[in-house]
Amino acid sequence: MPEVTYFCSMQKIKKNWEITHNWQLLFIPLGIIGLLACGYFMAVLISPTTFEDITYEYLFTGITTIIFAFVFYAFTIWLFKKLQSKWEVAYRWELIAIFIVFAITGSLSARLSGPLMEYINLTKEATSPWIFWPLRILAVFPIYQIVLVVMGWVFGQHAFFWKFEKKMLSKFGIKLP
């Protein structure tokens, strides 16, 4: 009997997220991990610097992580409803993949801009902040464009991100075939 319950609940999950192949189930735990990570980072940001006991720190961080993760989840579901038709995405699980790609791309582009700046000998210490930071922000833009398409391909959303990329670049006057 427990197997039937498991099967029914798995079928319900697949139906709710419009999953047609078992490998697509991977995006659900990845989405949950992402929500919990965002919740944890926010919890650490607002955490008081002093606690009488480390137990209170763990308790505070754990509870606020779950609260923030739930708030992010509710916001994400609201965004799903708004963006699924606008982006012409066929399945809800694809939205999870798309959100994951955007998260990875933004973080990775910012990370990669640092080594690029060092490669061209523009370091934070040797360059005025008025020159360094605008150049670093400008360096993020081309890195972002490349990483977005690559990550879209890795997560099986190449067609969506190639179309998105062409639309974004066309706003800057760059036409791609």
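The structure presented is a predicted model; accordingly, all values stated were derived computationally and were not measured.

Student: What should I look at first to understand the layout of surface pockets in this one?
Tutor: Over the atoms rolls a probe the size of a water molecule, and in doing so it shows where empty space is left. The volume enclosed by the largest pocket comes to roughly 750 Å³. If you trace the largest pocket, you find 28 residues lining it, with G31, G34, L35, T76 and F99 closest to the centre. At the level of elements, α2 (27-46), α3 (54-86) and α4 (92-119) are the ones that each hand at least two residues to the lining of the largest pocket. Per-element accounting of the lining of the largest pocket gives the leading share, 11 residues, to α2. Here the lining of the largest pocket is built from residues that sort into 25 nonpolar, three polar and no charged. Space inside the second largest pocket adds up to approximately 300 Å³. Around the second largest pocket, the lining residues are L83, K86, W87, E88, F160, K163, F164, K167, M168 and K171.

Student: How should the nonpolar core be read in this particular structure?
Tutor: Soluble, globular proteins show a tendency: their nonpolar side chains are buried together. Judged by nonpolar contacts, the single largest core of 26 residues is most densely connected at W17, F27, W87 and I96. Broken down by element, the residue count for this core peaks at seven residues, all from α4. If near-sequence neighbours (up to four positions away) are discounted, F27 is found in contact with W93, I96, A97, I100 and F155.

Student: Help me understand the pattern of salt bridges in this model?
Tutor: Pairing is possible between side chains of opposite charge, provided their charged atoms come close. Enumeration over the complete set of coordinates arrives at one salt bridge. Close ionic contact of E88 with K163 constitutes a salt bridge, the shortest N to O distance being 3.1 Å. Of this pair, E88 sits in the loop between α3 and α4 while K163 sits in helix α6 (residues 158-171), and the two are 75 residues apart along the sequence. The pair formed by E88 and K163 is uniform in burial state, with each residue classed as exposed.

Student: Sorry if this is basic, but what is going on with the environment of L122 here?
Tutor: Note on placement: L122 falls in the loop between α4 and α5 (129-154). Judged by relative accessible area, L122 falls into the partly exposed class, the value being 22%. In the structure, L122 is positioned 14 residues away from R136 in sequence and 9.1 Å away in space, judged by C-alpha atoms.

Student: What is the right way to look at α4 in this model?
Tutor: Every α-helical turn comprises 3.6 residues, leaving residues that sit three or four positions apart pointing alike. Its 28 residues place the ends of α4 41 Å apart at the C-alpha level, agreeing with the 40 Å of an ideal helix rising 1.5 Å per residue. Just downstream of α4, N121 is the residue with a positive phi angle, here 60°.

Student: I keep staring at the side chain of Q157 and nothing clicks. Help me out?
Tutor: Here Q157 shows up in the loop between α5 and α6. The class for Q157 is buried, based on a relative accessible area of 5%. Discounting residues that sit within four places of it in the chain, Q157 has contacts with W93, E94, A97, I98 and G152.

Student: Looking at this model, I keep getting lost on the side chain of Q145. Mind explaining?
Tutor: With respect to the helices and strands, the residue Q145 is situated in helix α5. Note on Q145: relative accessible area 9%, which makes it buried.

Student: Can you help me understand the environment of K14 in this one?
Tutor: If you trace the backbone, K14 turns up in helix α1 (residues 2-16). Each C-alpha atom of the pair K14 and L25 lies 7.8 Å from the other, and the pair is 11 residues apart in sequence.

Student: What should I look at first to understand the packing of aromatic side chains in this one?
Tutor: Two aromatic rings are characterised by how far apart their centres lie and by the angle between their planes. Under the criterion given, the structure shown has 21 aromatic pairs. Aromatic pair F141 and F172: ring centres 5.1 Å apart, planes at 65°, arrangement edge-to-face. One end of the pair, F141, is in helix α5; the other, F172, is in the segment after α6, and 31 residues separate them in sequence. You can call F141 partly exposed: its relative accessible area is 32%. Through pairs of rings, three or more aromatic residues link up here, namely W17, F80, W87, F99, F102, F160, F161 and F164. A cation over an aromatic ring shows up here: R92 above the ring of W17, its NZ or CZ 4.7 Å from the ring centre.

About the thresholds
Residues numbered from 1 in each chain as written. Predicted model: local features only at pLDDT ≥ 70, side-chain atom pairs only at ≥ 80, totals over all residues. Heavy atoms only, no water. 1 Å grid on protein atoms, 1.4 Å probe; cavity = no way out; pocket = protein on both sides within 12 Å on 5 of 7 lines; lining within 4 Å. Points joined across faces, edges and corners; volume = space filled by probe spheres on them. Helix = DSSP H or I, 4+ residues; strand = E, 2+ residues; numbered from the N terminus. Nonpolar A, V, L, I, M, F, W, Y, C, P; charged D, E, K, R; others polar. Core = buried A, V, L, I, M, F, W, Y, C linked by side-chain atoms within 4.5 Å. Buried < 20%, exposed > 50% of the residue type's maximum accessible area, 1.4 Å probe, protein only. Contact = heavy atoms within 4.5 Å. Salt bridge = Lys/Arg side-chain N within 4 Å of Asp/Glu carboxyl O. Expected span 1.5 Å × (residues − 1). Phe/Tyr/Trp six-rings, centres within 6.5 Å; stacked < 30°, edge-to-face > 60°. Lys NZ or Arg CZ within 6 Å of the ring centre and 35° of its normal.

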